[in-house]
Amino acid sequence: MRFRHPDGSVVHLSYCTNVHPAETLDGVRAQLRDHCEPVRRRLGRDRLGIGLWLARDAARALTNDPAELRALRAELDSRGLEVVTLNGFPYEGFGADEVKYRVYRPDWTEPDRLAHTTDLARLLAALLPDDVTEGTISTLPLAWRTPYATDPGAPRTARTALTTLARRLDALAELTGKSIRVGLEPEPGCTVETTADAIAPLTDVGHERIGICVDTCHLATSFEDPDTALDALTAAGIPVVKSQLSAALHAEHPHLPEVRTALAAFAEPRFLHQTRTRTAAGLRGTDDLDEAIAGGALPDSTPWRAHFHVPLHAPPAPPLTSTLPVLRTALTRLVGGAVPLTRHLEVETYTWQALPAELRPRTRTQLADGIAAELTLARDLLVDLGLKELP
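Criteria and thresholds
- Residues numbered from 1 in each chain as written.
- Predicted model: local features only at pLDDT ≥ 70, side-chain atom pairs only at ≥ 80, totals over all residues.
- Heavy atoms only, no water.
- Helix = DSSP H or I, 4+ residues; strand = E, 2+ residues; numbered from the N terminus.
- Rg over C-alpha atoms; globule rule 2.2 N^0.38 Å.
- Contact = heavy atoms within 4.5 Å.
- Areas by Shrake-Rupley, 256 points an atom, 1.4 Å probe, with all protein chains shown as cover.
- Lys, Arg positive; Asp, Glu negative; His and termini not counted.
- Charge placed at Lys NZ, Arg CZ, Asp CG, Glu CD.
- Core = buried A, V, L, I, M, F, W, Y, C linked by side-chain atoms within 4.5 Å.
- Buried < 20%, exposed > 50% of the residue type's maximum accessible area, 1.4 Å probe, protein only.
- Polar contact = N/O pair within 3.5 Å; in protein donor to acceptor, adjacent residues only side chain to side chain.
- 1 Å grid on protein atoms, 1.4 Å probe; cavity = no way out; pocket = protein on both sides within 12 Å on 5 of 7 lines; lining within 4 Å.
- Points joined across faces, edges and corners; volume = space filled by probe spheres on them.
- Nonpolar A, V, L, I, M, F, W, Y, C, P; charged D, E, K, R; others polar.
- Salt bridge = Lys/Arg side-chain N within 4 Å of Asp/Glu carboxyl O.
- Axes fitted to C-alpha atoms, helices over the stretch in contact; angles between N-to-C directions.
- Parallel < 35°, antiparallel > 145°, perpendicular 65-115°, else oblique.
- Phe/Tyr/Trp six-rings, centres within 6.5 Å; stacked < 30°, edge-to-face > 60°.

1. Points about the overall build of the chain
Counting its regular elements, the chain contains 13 helices and 15 strands. Taken over C-alpha atoms, the radius of gyration comes to 20 Å for the chain, in line with the 21 Å a tight globule of 391 residues would show. Seen through its principal axes, the chain has C-alpha atoms that stretch 55 × 50 × 45 Å. For the chain, restricting intrachain contacts to residue pairs at least 6 apart in sequence, the fraction spanning at least 24 positions comes to 79%. When the accessible surface of the chain is summed, it comes to about 15100 Å², and 51% of that surface belongs to carbon and sulfur atoms. For the chain, the distance from the average position of its 42 positive side-chain charges to the average position of its 52 negative side-chain charges is 3 Å.

Here it is as structure tokens:
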């Protein structure tokens, strides 16, 4: 979906296909047929943006066979789908029964991360619509905090890899005329947990093609104020490459037994749900929601937030809620000003099938309806900010 910003530029809205994980190229094609095109039809649009997730094997298949890449581009066109952004964070296995810490490997100290991201950039340059010259990729925020924090050589290795990537992106732009930018996506528990954590390493890299991806669920989970965070990024000259529109799980009164019971329904074995609370001494947290619920790990006199991407249009029932207000505030700053801070927005609720059983979609139709409802909410927010939807 495309929108005209009051400054005349085009803002793109998509949804991320990591909600339909597929490891192979055939699986990606099935996503387009079974999920993405049906969502577009529900929205009644001729064109729908998707934030494509290409796992390692799918990316390699496209990289190794130009004919397959051309065929994928043609299929996107025929189904009324367009790609201006990729989710380059998960490498493989995102559809496994247990993902947890595996999603952070390989990290930016390992050669496979650079190689994979380079492949994604080249593929995206070929998949961009003919009238679009800029693509974006979100990526791992350097690494999970351990063992990175205990390796004195890790920061230099990661910086060298990102600098190498920047040079490759420059060369790609010269060769294709397409500018691809990559954004580190701060996430709780990682080396770059907050937007503030991103400023120093990105300043060290010092390249306009390497910036930040602001995920509004992660922002909220770490209790970051959107205005403060975006002011600091702007002052530091760090570009917001893209933003993922998502909402975290919020518990206002975690000391209450009924709140603990409600939270326990969201503790599940597939993904990490880092949980945070803000205290007078600073942010406190656990790596997963069940650790927090068990008692003693976190103070419970202040609100808790958990890294669980809840559907934008359907916050959990009381006594829980979502951090949709944080998303609204962030979006106002991102695209509500005289000039947008980013032009690529991506709804990223990948946890539909990890929701409590009674909230999970049971059929493809129900899932498509839910994704369409999320995109409709995002569309309405953009229109309220003065953007005009384009055909």
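2. Things to note about the nonpolar core
Of all hydrophobic cores here, the largest spans 113 residues; its most connected members are Leu-13, Tyr-15, Trp-108 and Leu-375. With 9 residues, helix H13 (residues 364-384) is the largest single contributor of residues to this core. Those residues in contact with Tyr-15 that sit more than four places away from it in its chain are His-20, His-35, Cys-36, Val-39, Leu-48, Gly-49, Ile-50, Gly-51, Glu-346, Val-347, Ile-371 and Leu-375. Among the nonpolar cores identified, the runner-up in size contains 5 residues, and Leu-219, Ala-220, Ala-229 and Ala-330 belong to it.

3. Observations regarding the environment of Ala-58
Residue placement: Ala-58 occurs in helix H2 (residues 56-64). Put simply, Ala-58 and Thr-163 are 105 residues apart on the chain and 25 Å apart in space, counted from C-alpha to C-alpha. Excluding residues that lie within four positions of it along the chain, Ala-58 makes contacts with Glu-23, Thr-24, Leu-25 and Val-28.

4. With respect to the side chain of Arg-2
Relative to the elements of secondary structure, Arg-2 occurs in strand E1 (residues 2-4). Take Arg-2: its relative accessible area is 8%, and that puts it in the buried class. Engagement of the side chain of Arg-2 in a polar contact is seen with the side chain of Glu-82, the distance being 2.8 Å. Not counting the four nearest positions on each side in its chain, Arg-2 is found in contact with Val-10, Val-11, His-12, Arg-47, Glu-82, Pro-129, Asp-131, Val-132, Lys-388, Glu-389 and Leu-390.

5. Here's the deal with the layout of surface pockets
In this structure, the largest pocket occupies an estimated 200 Å³ of space. Forming the walls of the largest pocket are 13 residues, and the residues nearest its centre are Val-10, His-12, Glu-134, Arg-343 and His-344. Here the residues of the lining of the largest pocket sort into 6 nonpolar, 4 polar and 3 charged. One number sums up the size of the second largest pocket: a volume of about 150 Å³. Leu-142, Tyr-148, Pro-155, Ala-158, Arg-159, Leu-162, Thr-191, Val-192, Asp-197, Pro-201, Asp-204 and Val-205 together form the lining of the second largest pocket. At the level of elements, helix H6 (154-176) and helix H7 (195-205) are the ones that each hand at least two residues to the lining of the second largest pocket. Here the residues of the lining of the second largest pocket sort into 8 nonpolar, 1 polar and 3 charged.

6. Here's the deal with empty space enclosed by the protein
On inspection of all chains with the given rule, the structure shows 3 cavities of 30 Å³ or more. Approximately 150 Å³ is the volume found for the largest cavity. The wall of the largest cavity is formed by 17 residues, among which Phe-94, Val-103, Glu-187, His-307 and Tyr-350 lie closest to the centre. By volume, the second largest cavity amounts to about 50 Å³. Around the second largest cavity sit Pro-186, Glu-193, Thr-194, Thr-195, Cys-213, Val-214, Asp-215, His-218, Leu-219, Ser-222 and Glu-224, which together line it.

7. Thoughts on the side chain of Arg-113
Within the fold, Arg-113 resides in helix H4 (residues 111-127). Buried and unpaired, Arg-113 has no salt bridge, with Glu-110 as the nearest side chain of opposite charge at 7.0 Å. Separated by 3.0 Å, the side chain of Arg-113 and the backbone oxygen of Phe-89 make a polar contact. For Arg-113, the contacting residues outside a window of four places in its chain are Gly-88, Phe-89, Tyr-91, Val-103, Arg-105, Pro-106, Asp-107, Trp-108, Thr-139 and Leu-140.

8. Let's talk about the packing of helix H1 (residues 25-43) against helix H3 (residues 66-78)
The axes of two packed helices give the description: the angle between them and the distance between them. Where H1 contacts H3, the axes come no closer than 11 Å and their chain directions differ by 10°. Taken as axis vectors, H1 and H3 run roughly parallel relative to one another. Contact residues: Leu-25, Val-28, Arg-29 and Leu-32 in H1; Glu-68, Ala-71, Leu-72, Glu-75 and Leu-76 in H3. When the residues that make up the contact of H1 with H3 are grouped by side-chain class, the tally is 6 nonpolar, no polar and 3 charged.

9. Let's talk about the packing of aromatic side chains
For the structure shown, the criterion picks out 8 aromatic pairs. Judged by centre distance (4.7 Å) and plane angle (35°), the rings of Tyr-104 and Trp-144 are tilted. Of the two residues, Tyr-104 is situated in the loop between strand E4 (81-87) and H4 and Trp-144 in the loop between strand E5 (134-139) and helix H5 (145-148); the sequence distance between them amounts to 40 residues. Here Tyr-104 matches Trp-144 in class, with each residue buried. Taken together, the ring pairs connect Trp-53, Phe-94, Phe-271 and Tyr-350 into an aromatic cluster.

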